[in-house]
Amino acid sequence: GSGGLLVLRPALAPCAMLARRGGLRRLCRKPVVAPRPRRWSTTKTATPAAPADPAMTAELEARANARWATIAEAHRAIPGDAETRRKRLVYRSKQRGWLEVDLLLGTFATRHVAEMTETECDEYEAILNCETIDIFNFVTGKDPVPPSLDTAMMHRLQAFCKESPLGITADSYADAKARANLT
């Protein structure tokens, strides 16, 4: 006996706070034991997959590549109707997936796409074909604009970005989203 006092061994130090509170004294007296390493059974072994038929694999790959080429061609095709193209440009501007870019490009497109010439639409579409983060960095001036995109449209978009700061506060983001019809 220790006269009713709880004597903690070094291995039980983590339980000291619980012991002082008066609870779990029985649990704290048990030595702390590290868990035993798990033994993996070697009785079950994975069976290797049967080797694929090279002719079948090549055929499937050729069919998949042909299908992808068809899909990509249809996706990149510029609509023959100018009105459809303009609607598509506005939609692609508003649906980038990144709020800041959605607001910036969506607002820009809503205001300016209707008055763009065919050449300006080509330049704007070339910008929209870039990755969203790259567009943001080019427009805001964080990254240098590549020569293929250094057009009058890019300069116009950069000027719009400087003149129309969006999203300074959460309320201004909400207002800009509502005005650009992004909600």
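Calculation rules
- Residues numbered from 1 in each chain as written.
- Predicted model: local features only at pLDDT ≥ 70, side-chain atom pairs only at ≥ 80, totals over all residues.
- Heavy atoms only, no water.
- Axes fitted to C-alpha atoms, helices over the stretch in contact; angles between N-to-C directions.
- Helix = DSSP H or I, 4+ residues; strand = E, 2+ residues; numbered from the N terminus.
- Parallel < 35°, antiparallel > 145°, perpendicular 65-115°, else oblique.
- Left-handed = near helix turned anticlockwise from the far one by under 90°.
- Contact = heavy atoms within 4.5 Å.
- Core = buried A, V, L, I, M, F, W, Y, C linked by side-chain atoms within 4.5 Å.
- Buried < 20%, exposed > 50% of the residue type's maximum accessible area, 1.4 Å probe, protein only.
- Phe/Tyr/Trp six-rings, centres within 6.5 Å; stacked < 30°, edge-to-face > 60°.
- Salt bridge = Lys/Arg side-chain N within 4 Å of Asp/Glu carboxyl O.
- pLDDT = per-residue confidence, 0-100.
- Expected span 1.5 Å × (residues − 1).

*Asks:* Which residues make up the packing of helix α4 (residues 82-94) against helix α6 (residues 118-128), and what values do they have?
*Replies:* Contact geometry for α4 and α6: axes closest at 11 Å, N-to-C directions at 30°. Regarding the angle of α4 to α6, the classification is roughly parallel. For α4 against α6, the interelement crossing comes out left-handed. Two secondary-structure elements touch here, α4 through Arg-85, Arg-86, Arg-88, Leu-89, Arg-92 and Ser-93 and α6 through Glu-118, Cys-121, Asp-122, Tyr-124, Glu-125 and Leu-128.

*Asks:* Requested: an account of the nonpolar core, with residues and values cited.
*Replies:* Core analysis: the biggest nonpolar cluster contains 23 residues, and Leu-105, Phe-108, Met-116, Tyr-124, Ile-127, Val-139 and Leu-157 have the highest contact counts within it. Looking at this core, the elements with two or more residues in it are α5 (99-112), α6, α7 (132-140) and α8 (152-163). Residues contacting Phe-108, with those up to four places away along its chain left out, are Val-113, Met-116, Tyr-124, Met-153, Arg-156, Leu-157 and Phe-160.

*Asks:* Summarise the packing of aromatic side chains; cite the residues concerned and give the values.
*Replies:* With the rule as written, the count across this model stands at three aromatic pairs. Linked through ring pairs, Phe-108, Tyr-124 and Phe-160 together constitute an aromatic cluster.

*Asks:* Could you give an account of the pattern of salt bridges, naming the residues involved and the relevant values?
*Replies:* Inspection of the entire model under this criterion finds six salt bridges. Put simply, Asp-122 and Arg-85 hold a salt bridge, and the shortest N to O gap is 2.5 Å. You can see Asp-122 sitting in helix α6 and its partner Arg-85 sitting in helix α4, a full 37 residues away along the chain. The exposure class of Arg-85 is buried, given its relative accessible area of 6%. With a closest N to O distance of 3.2 Å, Arg-156 and Glu-115 form a salt bridge. In this pair, Arg-156 sits in helix α8 while Glu-115 sits in the loop between α5 and α6, placing the two residues 41 residues apart along the sequence. The network of salt bridges with common partners includes Arg-85, Arg-92, Asp-122 and Glu-125.

*Asks:* Explain the environment of Val-139 to me, and be specific about the residues and the numbers.
*Replies:* If you trace the backbone, Val-139 turns up in helix α7. Exposure remark for Val-139: the relative accessible area of 3% places this residue in the buried category. Beyond its immediate stretch of four places on either side in the chain, Val-139 contacts Leu-104, Met-154, Leu-157, Gln-158 and Cys-161.

*Asks:* Kindly report on the confidence of the model for the protein, identifying the contributing residues and their values.
*Replies:* For the protein, mean pLDDT is 76; residues scoring 70 or higher make up 59% of the total. Taking the mean pLDDT of every element in the protein, the minimum, 47, falls on helix α1 (residues 16-20) and the maximum, 94, on α6. Throughout residues 6-20 the model reports pLDDT below 50, and contacts reaching past four residues in sequence, or to other chains, amount to 17 contacts. Here residues 23-28 scores under 50 on pLDDT; set against residues more than four positions off or in separate chains, the count is six contacts.

*Asks:* Account for α7, with residues named and values stated.
*Replies:* The α-helix advances 3.6 residues per turn, and as a result positions three or four apart in sequence lie on the same side. Every buried residue of α7 is accounted for by Thr-132, Ile-135, Phe-136, Asn-137, Phe-138 and Val-139. Along its buried surface, α7 packs onto α5, α6 and α8. At the exit of α7 stands Gly-141, carrying a positive phi of roughly 85°.

*Asks:* Explain α4 to me, using residue names and the numbers behind them.
*Replies:* Taking 1.5 Å of rise per residue, 13 residues should cover 18 Å, and α4 covers 19 Å from first to last C-alpha, within 8% of that figure. When α4 is considered as a whole, its buried residues turn out to be Arg-85, Arg-86, Leu-89, Arg-92, Ser-93 and Lys-94. For α4, the elements touching its buried residues are α5 and α6.

*Asks:* Any chance you could break down the packing of α6 against α8 for me, citing the residues and the numbers?
*Replies:* The relative placement of two packed helices comes down to the angle between their axes together with the axis-to-axis distance. Axis separation between α6 and α8 bottoms out at 8 Å; the angle between their running directions is 70°. It follows from the interaxial angle that α6 and α8 lie roughly perpendicular. In the crossing of α6 with α8, the sense of the turn from one axis to the other is right-handed. Between α6, through Glu-120, Glu-123, Tyr-124 and Ile-127, and α8, the contact on the second element is made entirely by Ala-152, Met-153, Met-154, Arg-156 and Leu-157.

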